Amino acid sequence: MTETRNREAYDAVEEASTYRWGFVSDIEQDFAPKGLSEATVRFISAKKNEPDWLLEWRLKAYRRWLTLPAPDWAKLDIPPIDYQDAYYYAEPRAKPKLGSLDEVDPEILRIYEKLGIPLEEQKVLAGVEGARKIAVDAVFDSVSVATTFRAELERAGVIFRSISDAVREYPELLRKWLGKIVPAQDNYFAALNAAVFSDGTFVYIPENTRCPMELSTYFRINAANTGQFERTLIIAERGSYVSYLEGCTAPQRDENQLHAAVVELVALDDAEIKYSTVQNWYPGDAEGKGGIYNFVTKRALCQGERSKVSWTQVETGSAITWKYPSCVLAGENSVGEFYSVAVTNNHQQADTGSKMIHLGRGSRSTIISKGISAGVSDNTYRGLVRVAAGADGVRNFTQCDSLLLGDRCGSHTIPYIEVRNPTAQIEHEATTSKISEDQLFYAMQRGLDQESAVGLIVNGFAKEVLQQLPMEFAVEAQKLLGISLEGSVG
Amino acid sequence: MLTIENLHAEIEGKPILTGLNLRIRAGEIHAIMGPNGAGKSTLANILTGRPGYDVTSGSVQFQDQDLLALSAHERATAGIFLGFQYPVEIPGISNLHFLRTALNAQKVARGERELSGAAFIKLAREQADALSFDQEMLKRSVNVGFSGGEKKRNEMVQMGILAPALAILDETDSGLDIDALRAVGDGINRIQRAPNKAALLITHYQRLLDYVVPDFVHVLADGRIVRSGGAELALELEREGYSAILEEAA
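Residues numbered from 1 in each chain as written. Chains lettered and ligands numbered in written order. Predicted model: local features only at pLDDT ≥ 70, side-chain atom pairs only at ≥ 80, totals over all residues.

## Regarding the overall build of chain A
Of regular secondary structure, chain A possesses twelve helices and 22 strands. Taken across its 490 residues, chain A has 55% of its residues classed as buried. A sequence separation of at least 24 residues applies to 83% of the contacts in chain A between residues at least 6 apart. (Helix = DSSP H or I, 4+ residues; strand = E, 2+ residues; numbered from the N terminus. Buried ≥ 20, exposed ≤ 12 C-beta atoms within 10 Å, placed from the backbone. Contact = placed C-beta atoms within 7 Å.)

If you want it as structure tokens, here you go:
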């Protein structure tokens, strides 16, 4: 997306957030007071009418966070973050409670269009006949706005709610699983998230149920200076299947802004979760100013036998990307997959990869990582494949490919392989290449202009990962790859 | 169709073409032969717009356009095709996808309608069949894992699909066995022998010219064309070698 479009979109959001959506509640404070303290945590919890156990959980996490040093082991250059200089909660003035798609404000739809939400999604959102059914939960500034197709999902027994709603409606499930896969003490940003998480998505698929449509949390927009801390929890009971899309758009032109989300997935016996992310947060300008910090902890617990979780990510935005979607393969014959395309251009940095922890016998994992660097950016793959002593017959295949555009960018691979069982088969392949002038000229001699040629070659490079995405996302991701590399060649 | 006048060109300051003149009319097949290092590939690269070459003087007109003012992809759209000596691999992109993207890019640039998916596949299959090029290979990544002969056949399939006015074939016959040579030769005759088309074959050897009988043969030496003649000139070169001609030209 061009800079002009960003600005327009941002203005549109500013406008819309002052728009009255049907009813107006008492004039409440829009933001939590600036800064972070126990009072902030209590404020957030009170705003959401949370039960005591959750408030205690938050406070415990907050106190823990205070004792932790900010980690700096990654190959990233992170300017110091002032945690007091941000708002930790923001809410639209009139809190919408929309029951059906029809009630979604046309203003919002206009914003969707301006922000470049793919046409398919627009059709879905507009309720056009014959459009593919994708249930969408739109999140505006920390609060879920509309969840479509609720009735149909309910018929199937699928629960698709905002976390805040789920806490109220399904407390036992939340209590059972929240923080069990990514505990608050897991790391600095997980602790922070646990303390101040604002909202997020809760999904529950009952036994032997194939979720009848793809679930998507489409977009989030931040008002200036709000840290964004979502929490997502997906539970797939035995024999169930769900495909979840996390599309992140809304590039922002703010000072560096922290996005420290936590995603927890649980798959029981014979269950499968497919989790796809296309991330295009604001990467900062060409000089490296501004941009989102995307520090995310994502982990799946493949608890059940023959359970399976696939992570697919296309990361093209954000100034700094720091995340390792991982699988704890506890169940026998469980399967973990990680497919990633991470693009860095200009001054962006990425330190990303996956951790596959093999505990269960016969568990298998696949890691396919494609890093594309351009400009003066730095792109690092960091991965861990660990096989526990008791895990017989484990197989892993890891492939890390890097593509360098230009001669000033960097690409690094840091694989950790820790194997404590002699029957394990672990394979690791890596390639580093650049787009050869010969390839470029070949494509251009056939009639493609330079940008199309680069886009084509890059897409070919990333193909193996892109084809893991649900179709609409794949098309958007292809376009995104081209756009994110604009100006990087020549 | 193509008029090259007094073309001088350098690579990194080193002169390669030193006053080359050539004229190709529609309907003609020309062959350029010459010793290694004479500038044959350089000529092909300059005509098609490969970066890295400096034209220091002279002009090239292609169908009333100043060819040197166009970028590589613009020249392709104008109707020039290069059969590469060493076709490059493009992993992850199928031949079908690549060619359809290229063809439609050219069509759009010319203000023509794009070809639909089905129509394109039909066209691609026809061209592949005519060259005995396995259909399955169309689905594979561009040139990945292709033998030398398969790559050259693939170039011909592409030529058939893109249908250029002028085809410049850079040592298309190198590395081909007898069957492949015949197939390629037949392909060139079928695709490029037409009143509104032309071809420029750059070759070392006579053998391709047995299949594609040229109207004109030129000898490129020391950066320019030192002798031109009909098809029999190639036979003479085969018998006598270049030395006699080069002495004359010196």
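## Section: the overall build of chain B
Regarding its fold elements, chain B presents ten helices and twelve strands. A globule of 250 residues ought to have a C-alpha radius of gyration of about 18 Å, and chain B, at 18 Å, matches this closely. Counting only C-alpha atoms and orienting by the principal axes, one finds that chain B spans roughly 55 × 40 × 35 Å. The buried share of chain B, taken over its 250 residues, is 45%. Across chain B, every contact between residues at least 6 apart in sequence was considered, and the portion connecting residues at least 24 apart equals 71%. (Rg over C-alpha atoms; globule rule 2.2 N^0.38 Å.)

## Some details on the environment of A:Trp311
Residue and element names in this part refer to chain A. Following the sequence through the fold, Trp311 ends up in strand β12 (residues 308–315). Remark: the alpha-carbon pair of Trp311 and Gly200, spanning 111 residues in sequence, is separated by 18 Å. Not counting residues up to four positions away in its chain, the partners in contact with Trp311 are Tyr275, Lys298, Pro325, Glu337, Phe338 and Ser354.

## Let's talk about the interface of chain B and chain A
Taken together, the 19 residues of chain B in the interface contact 17 residues of chain A. Taken together, the elements giving at least two residues each to the side of chain B that touches chain A come down to α2 (72–78), β7 (90–94), α3 (95–109) and α6 (148–162) of chain B. Split by residue class, the side of chain B that touches chain A holds eleven nonpolar, seven polar and one charged. (Nonpolar A, V, L, I, M, F, W, Y, C, P; charged D, E, K, R; others polar.)

## Observations regarding the sheet that holds strand β2 (residues 14–24) of chain B
Residues and elements named next belong to chain B. One open sheet accounts for four strands, arranged β2-β1-β4-β5; its pairing is antiparallel. Of all the strands in the sheet, the pair left with one neighbour each is β2 and β5 (65–66). Two elements, strand β4 (residues 54–62) and β5, share two bridges in a ladder whose sense is antiparallel. Pairing of Phe62 across the sheet is with Gln65, part of β5. Strands β1 (2–11), β2 and β4 of the sheet are contacted by helix α1 (residues 40–48), whose axis makes an angle of about 70 degrees with β2. (Pairing = 2+ DSSP bridges. Axes fitted to C-alpha atoms, helices over the stretch in contact; angles between N-to-C directions.)

## Quick look at the packing of helix α4 (residues 117–130) of chain B against α6(B)
Residues and elements named next belong to chain B. One can describe the packing of α4 onto α6 by two numbers: an axis separation of 9 Å at closest approach and a directional angle of 135 degrees. The pairing of α4 with α6 is recorded here as oblique in orientation. At the point where α4 passes α6, the crossing takes the right-handed sense. For the pair α4 and α6, the contacting residues are Leu123, Ala124, Gln127, Ala128 and Ala130 in the first and Val157, Gly160 and Ile161 in the second. (Parallel < 35°, antiparallel > 145°, perpendicular 65-115°, else oblique. Left-handed = near helix turned anticlockwise from the far one by under 90°.)

## Examining the pairing of strand β3 (residues 29–33) of chain B
Residue and element names in this part refer to chain B. Judged by how many residues are buried, β3 sits mostly within the fold: five of five residues are covered. Two strands pair when backbone bridges link them, and β3 and strand β10 (residues 198–202) are joined in this way by four bridges, in the parallel orientation. Looking across to β10, one finds that Ile29 is bridged to Ala199. Sheet topology note: the β3/strand β11 (residues 216–221) ladder contains four bridges and is parallel. Following the sheet pairing, Met33 is matched in β11 by Val219.

## Topic: the packing of helix α10 (residues 437–445) of chain A against helix α11 (residues 450–466) of chain A
Residue and element names in this part refer to chain A. Interaxial distance between α10 and α11 falls to 9 Å at its minimum, and their mutual angle equals 120 degrees. One finds that α10 runs oblique with respect to α11. Seen from above, α10 lies across α11 with right-handed handedness. Of the residues in α11, those touching α10 at Gln439, Leu440, Ala443 and Met444 are Gln450, Ala453, Leu456 and Ile457. Taken together, the residues of the contact of α10 with α11 break down into six nonpolar, two polar and no charged.

## A few points about the nonpolar core
Counting 185 residues, the largest nonpolar core has A:Ala236, A:Leu265, A:Ala267, A:Ile273 and B:Ile168 as its most contacted members. Of the residues forming this core, the biggest block, nine residues, is contributed by α11(A). Beyond its immediate sequence surroundings of up to four residues, A:Leu265 is in contact with A:Ile234, A:Ile273, A:Tyr275, A:Ala300, A:Leu301 and A:Val309. (Core = buried A, V, L, I, M, F, W, Y, C linked by C-beta atoms within 7 Å.)

## Some points on the confidence of the model for chain B
Residue and element names in this part refer to chain B. Per-residue confidence for chain B gives a mean pLDDT of 90; residues scoring 70 or more make up 99%. Model confidence for chain B, summarised as mean pLDDT per element, is weakest for helix α10 (residues 243–249) at 74 and strongest for strand β6 (residues 80–83) at 96. Reported confidence for the predicted complex is 0.95 by ipTM and 0.80 by pTM. (pLDDT = per-residue confidence, 0-100.)

## Structural notes on the environment of B:Leu43
All names here are of chain B. Assignment of secondary structure puts Leu43 in helix α1. With 159 residues separating them in the primary sequence, Leu43 and Ile202 have C-alpha atoms 9.6 Å apart. Excluding its chain neighbours within four sequence positions, the residues that come into contact with Leu43 are Leu17 and Leu20.

## A word on the sheet that holds β10(B)
Residue and element names in this part refer to chain B. One open sheet holds the six strands; their spatial order is β6-β9-β10-β3-β11-β12, and the pairing between them is mixed. Strand pairing shows two members of the sheet lacking a second neighbour, β6 and β12 (224–229), which therefore form its edges. On average, each strand axis in the sheet is tilted by 20 degrees relative to the strand beside it, whichever way the strands run. One ladder, built from five bridges, connects strand β9 (residues 166–170) with β10; its direction is parallel. Across the sheet, the residue bridging to Ala167 is Ala199, located in β10.

## Overview of unusual backbone geometry
Here the phi dihedral of A:Asn49 falls at roughly 55 degrees; this positive angle occurs in a residue that is not glycine. In this fold, A:Asn49 is placed in the loop between α2 (38–47) and α3 (52–67). Note on A:Asn49: 9 C-beta atoms within 10 Å, which makes it exposed. We note that B:Glu12 has phi near 45 degrees; this positive angle belongs to a residue other than glycine. For B:Glu12, the position within the fold is in the loop between β1 and β2. Residue classification places B:Glu12 among the exposed positions, given that 7 C-beta atoms sit within 10 Å.

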